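# Notes for the structure review
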Amino acid sequence: MAVSRVVVVRSPRAWTAAGAPDPAGVAAMLGRGFVRLTGRADPAAAVASLFSPADRVGIKVNAIGGKALSTGPEVALTVAAWLLQGGVPGANIVVWDRTSRELRDAGYAVGEGKYGIRVLGTDDPDQGYGPDLVAHLGVGSLFSRILTGECTASISLALLKDHGLAGLTAGMKNYFGAVHNPNKYHDGGCDPHVAEVFDAPPVKSRHRLTVLDALTVQYHKGPSFHARWAAKYGGFVLGLDPVAVDSVGWSIVEGLRAEAGLPSLEAEGRAPRYLATAARMGLGTADPAAIERVEETVT
Amino acid sequence: MRRRAFLRGAAGTGLALGAGLPSLCARLAAAAPAARLSRVEARHYVKLPDREIECRLCPRHCRLGDKERGYCGVRENIGGTYYTLVYGRVCSLNVDPIEKKPFFHFLPGTTALSLATAGCNVNCKFCQNWEISQARPEQIESIDLPPAAAAARAAAAGCPSIAYTYSEPTVFFEYMADTAIAARRRGVRSVVVTGGHIDPEPLAELLELVDAVKVDLKGFTQDFYASFVRGDLEPVLRTIRTVAKSKAWLEIVYLVIPTLNDRMDKVREMARWVRDEAGPGVPLHFSRFQPMYLLRNLPPTPVSTLEEARRTALAEGLKHVYVGNVPGHEAEDTLCPGCGAAVIARTGYRIDAVRLKKGTCERCGTAIPGVWT
């Protein structure tokens, strides 16, 4: 399996007639994505090749945008379902983000649900941020106890969005939601902060898989939701190389911008420079020529 | 019942996923309880198209989309309107000697009701209060203390002033300004302890409301500010110039950090600048660094370095130069520049003797700049 393989899976069945994410279509896309990513015969085997039953897996979502633009429960819990199929016990799975309020606003039922799968905000009274300051490169942060105390493995289940400051918010920047002071990392186009937060031991030692929720892609004026510039892309982007996945995500955003007649992020002076920084730090591959991009359509 | 157990019982029914997968999607949750944050519209910002705003409070000029917070972490764009989340949300409240701020030429021997909210618009690697300055307001305990209540509490405690301190008061500008107004009505003065990263317009507004400003000049090179403060030097110098020209009393602190900002040629340059731009009578405090936050690898500042910095500044013509964070050091005293007498003798924050008569040296009559009554 190529480390820098990135799977882009899309489906005309991504949406219901009412315009909501179609659970069956989402499940099919993710299942197919896992298969193409790992080369295994079926999704359960694919997931089992990535996570063991002993793993305690955190699914870090991005719930900041309410129902309009968050990694919703129909996606996160489908990822969790595939983990179950792959042998990870439900009690070992936690879907999480910064606050319970944001999770609720995004449509989650916070707490313990079916099969023991938990949905938690870091502000849960039993969680919070760890007491020990993590000082790593330019990072000085407290990290969520959910990540450091509840998880041995992490999935960044991020939205794919334009970002006014960073250019792009995707799998790596999703971990800004794991620190107590993300506002301190938004200067300089979030560079090198995105790479440095990802490189910090609490994240780097646990991160195992990136899944970009590209059902709806905010390709301009992000990270807030603006219907005018939100494309129903109907897909997911999966990979084990966090830099490569985000680089492919960037190309998708640029493609949508071009289709809409918008200037590129580079032309707007907002190219996500942190990707090149991350590549230089050895976190992955940013060069599109060195990324094996697999396109898949689930019918 | 632990909250988790309660929530376990609250989890709902699911949606059918098909493809043989278990059904996991729970019902939508009820609305979240309100967080303990204020929602008072911020001042000094402009609304932009597409629900964006640009903050004009500090030189960062954060441009933010809906649901985003500024670098300070305490101001948020909600639907295209910018709000302060910390109006009246006080996370630290103490009665301190005014010397602790430090103000050495402002009502010596008095106390200041000292308060802070969460947040800061820089990120100094040597911050001694990072637990509150670098936190978001919802992450730390706070009490509700409206401006009038703060003023009343200061008066009741016998404090002639309120100090906005500990974190960075600029980020709670609205609360500070309104509290200063409420305090003035009660005859209580206001003093600000700031890093000086504030835009000219809000600074001008503030200087009409407060009586003294202590600026932390954290270094004298842009490189130092960029690397260790996450800010810029020039806005701080602009603030010092502006305060010096205002009716508010000004003092300056320079925290001397071994190997980072302790070169004497830069100290000399800084002292000359203070002399020329703020005036030779402005008190300058060289404070001792202690290892903390992200600079735990450095030792405390040698006292000899502080003393050398003091000698250097005095040689450049500054009249009142102090050594700080070294309790009992002789350079804590205020000396008369005319005859050398200790017109205010201090030990730490304690005033041992005051030998001033209507702001002049009792011995030789030289005027000592400051606010003495």
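Residues numbered from 1 in each chain as written. Chains lettered and ligands numbered in written order. Predicted model: local features only at pLDDT ≥ 70, side-chain atom pairs only at ≥ 80, totals over all residues. Heavy atoms only, no water.

### Digging into the overall build of chain A
What chain A contains, in helices and strands, is nine helices and twelve strands. Computed over its C-alpha atoms, the radius of gyration of chain A comes to 17 Å, within 12% of the 19 Å expected for a compact globule of 299 residues. Projected onto its principal axes, the C-alpha positions of chain A cover 45 × 45 × 35 Å. In chain A, buried positions account for 67% of the 299 residues. Long-range contacts, defined as pairs at least 24 residues apart, comprise 70% of the intrachain contacts of chain A with a sequence gap of at least 6. Total accessible area computed for chain A in this model is approximately 9,200 Å², and 52% of it derives from carbon and sulfur atoms. (Helix = DSSP H or I, 4+ residues; strand = E, 2+ residues; numbered from the N terminus. Rg over C-alpha atoms; globule rule 2.2 N^0.38 Å. Buried < 20%, exposed > 50% of the residue type's maximum accessible area, 1.4 Å probe, protein only. Contact = heavy atoms within 4.5 Å. Areas by Shrake-Rupley, 256 points an atom, 1.4 Å probe, with all protein chains shown as cover.)

### Comments concerning the packing of helix α7 (residues 233–245) of chain B against helix α8 (residues 264–278) of chain B
Residues and elements named next belong to chain B. Packing of α7 against α8 brings their axes to within 9 Å, and their N-to-C directions diverge by 40°. When the axes of α7 and α8 are compared, the pair comes out oblique. Together, L237, I240, R241 and A244 of α7 and W273, E277 and A278 of α8 make up the contact between the two elements. Looking at the contact of α7 with α8, its residues break down into five nonpolar, no polar and two charged. (Axes fitted to C-alpha atoms, helices over the stretch in contact; angles between N-to-C directions. Parallel < 35°, antiparallel > 145°, perpendicular 65-115°, else oblique. Nonpolar A, V, L, I, M, F, W, Y, C, P; charged D, E, K, R; others polar.)

### Structural notes on the nonpolar core
All names here are of chain B. Residues L115, F126, L217, I240 and F286 are the most contacted members of the largest nonpolar core, which totals 91 residues. Both domains that meet at this core, namely domain 1 (40–84) and domain 2 (89–332), each give it at least three residues. Contact partners of L217, with chain neighbours within four places excluded, come to Y225, L233, V236, L237, I240, I252, V253, Y254, L255 and M270. (Core = buried A, V, L, I, M, F, W, Y, C linked by side-chain atoms within 4.5 Å. Domains from an automatic or database assignment.)

### Observations regarding the sheet that holds strand β19 (residues 350–354) of chain B
As summarised here, the arrangement of the three strands in space is β17-β18-β19 (chain B), forming an open sheet in which the pairing is antiparallel. Each edge of the sheet is formed by a strand with only one pairing partner; in this case those strands are β17 (334–335) and β19 of chain B. (Pairing = 2+ DSSP bridges.)

### Quick look at the pairing of strand β2 (residues 57–60) of chain A
Residues and elements named next belong to chain A. By the alternation rule, side chains of β2 split into V57 and I59 and G58 and K60, which are all buried. One ladder, built from four bridges, connects β2 with strand β3 (residues 93–97); its direction is parallel. What sits directly across from G58, in β3, is V94. Note on the crossover from β2 through helix α3 (residues 73–85) to β3: the handedness is right-handed. (Right-handed = clockwise from strand over helix to strand, strands pointing away.)

### Considering the sheet that holds strand β6 (residues 81–84) of chain B
Residues and elements named next belong to chain B. Read across the open sheet, the three strands follow the order β1-β6-β5; overall the sheet is antiparallel. Single-partner strands in this sheet number two, and they are β1 (40–41) and β5 (75–78). Pairing of β5 with β6 involves four bridges; the strand directions are antiparallel. Looking across to β6, one finds that R75 is bridged to T84.

### Considering the packing of α8(B) against helix α9 (residues 303–315) of chain B
Packed helices, taken two at a time, are described by the angle between their axes plus the distance between the axes. All names here are of chain B. Two elements in contact, α8 and α9, have axes separated by 9 Å at closest approach and are oriented at 40°. Comparing their axes, α9 and α8 come out oblique. Viewed along their axes, α8 and α9 form a crossing whose handedness is right-handed. Of α9, the residues touching α8 (which contributes M264, V267, R268 and A271) are T305, E308, A309, T312 and A313. Residues that form the contact of α8 with α9 fall into these classes: five nonpolar, two polar and two charged. (Left-handed = near helix turned anticlockwise from the far one by under 90°.)

### What about the domain arrangement of chain B?
Residue and element names in this part refer to chain B. Here chain B is described as being made up of domain 1 (40–84), domain 2 (89–332) and domain 3 (333–373). Between domain 2 and domain 3, the C-alpha centre-to-centre distance is 22 Å. Facing 21 residues of domain 2, the contacting portion of domain 3 comprises 16 residues. Here domain 2 meets domain 3 over a buried area of about 1,600 Å², counting both sides, of which 61% is carbon and sulfur. Viewed at the interface, domain 3 and domain 2 are joined by zero salt bridges. At the junction of domain 2 with domain 3, the criterion picks out nine residue pairs in polar contact (both at pLDDT 80 or more). Looking at side-chain class alone, the side of domain 2 that touches domain 3 contains nine nonpolar, five polar and seven charged residues. (Buried area = accessible area lost by both parts, 1.4 Å probe. Salt bridge = Lys/Arg side-chain N within 4 Å of Asp/Glu carboxyl O. Polar contact = N/O pair within 3.5 Å; in protein donor to acceptor, adjacent residues only side chain to side chain.)

### A short note on α8(B)
Residues and elements named next belong to chain B. Here α8 spans 20 Å end to end across 15 residues, near enough to the 21 Å set by a 1.5 Å rise per residue. Of the residues making up α8, those classed as buried are M264, K266, V267, M270, A271, W273, V274 and A278. In this fold, the buried residues of α8 make contact with α7, β14 (249–256), β15 (284–288) and α9. In the stretch just after α8, G279 is the one whose phi turns positive, near 115°. (Expected span 1.5 Å × (residues − 1).)

### Focus: the environment of A:A81
Residue and element names in this part refer to chain A. Its location among the elements puts A81 in helix α3. Accessibility expressed as a relative area gives 0% for A81, which makes it buried. For the pair A81 and I93, spaced twelve residues apart in sequence, the C-alpha separation works out to 9.7 Å.

### Some words on the pattern of salt bridges
All names here are of chain B. What the rule picks out here adds up to 40 salt bridges over all chains. Put simply, R56 and E54 hold a salt bridge, and the shortest N to O gap is 2.9 Å. For R56, a relative accessible area of 34% gives the class partly exposed. Its relative accessible area of 15% is what places E54 among the buried residues. The salt bridge involving E208 is made with K247; its shortest N-O contact spans 3.7 Å. With E208 in the loop between α5 (200–207) and β13 (212–216) and K247 in the loop between α7 and β14, this pair connects stretches of sequence that are 39 residues apart. Taken together, the shared-partner salt bridges in this structure form one network comprising R268, R272, R275, D276 and E316.

### Remarks on the state of the cysteines
All names here are of chain B. Tallied over the entire structure, the rule returns zero disulfides over all chains. No disulfide involves C159; its sulfur sits 18 Å from the nearest other cysteine sulfur, which is in C91. You can call C159 buried: its relative accessible area is 3%. In this structure C336 is not part of a disulfide, and its nearest cysteine sulfur, from C364, lies 3.4 Å away. (Disulfide = S-S within 2.5 Å.)

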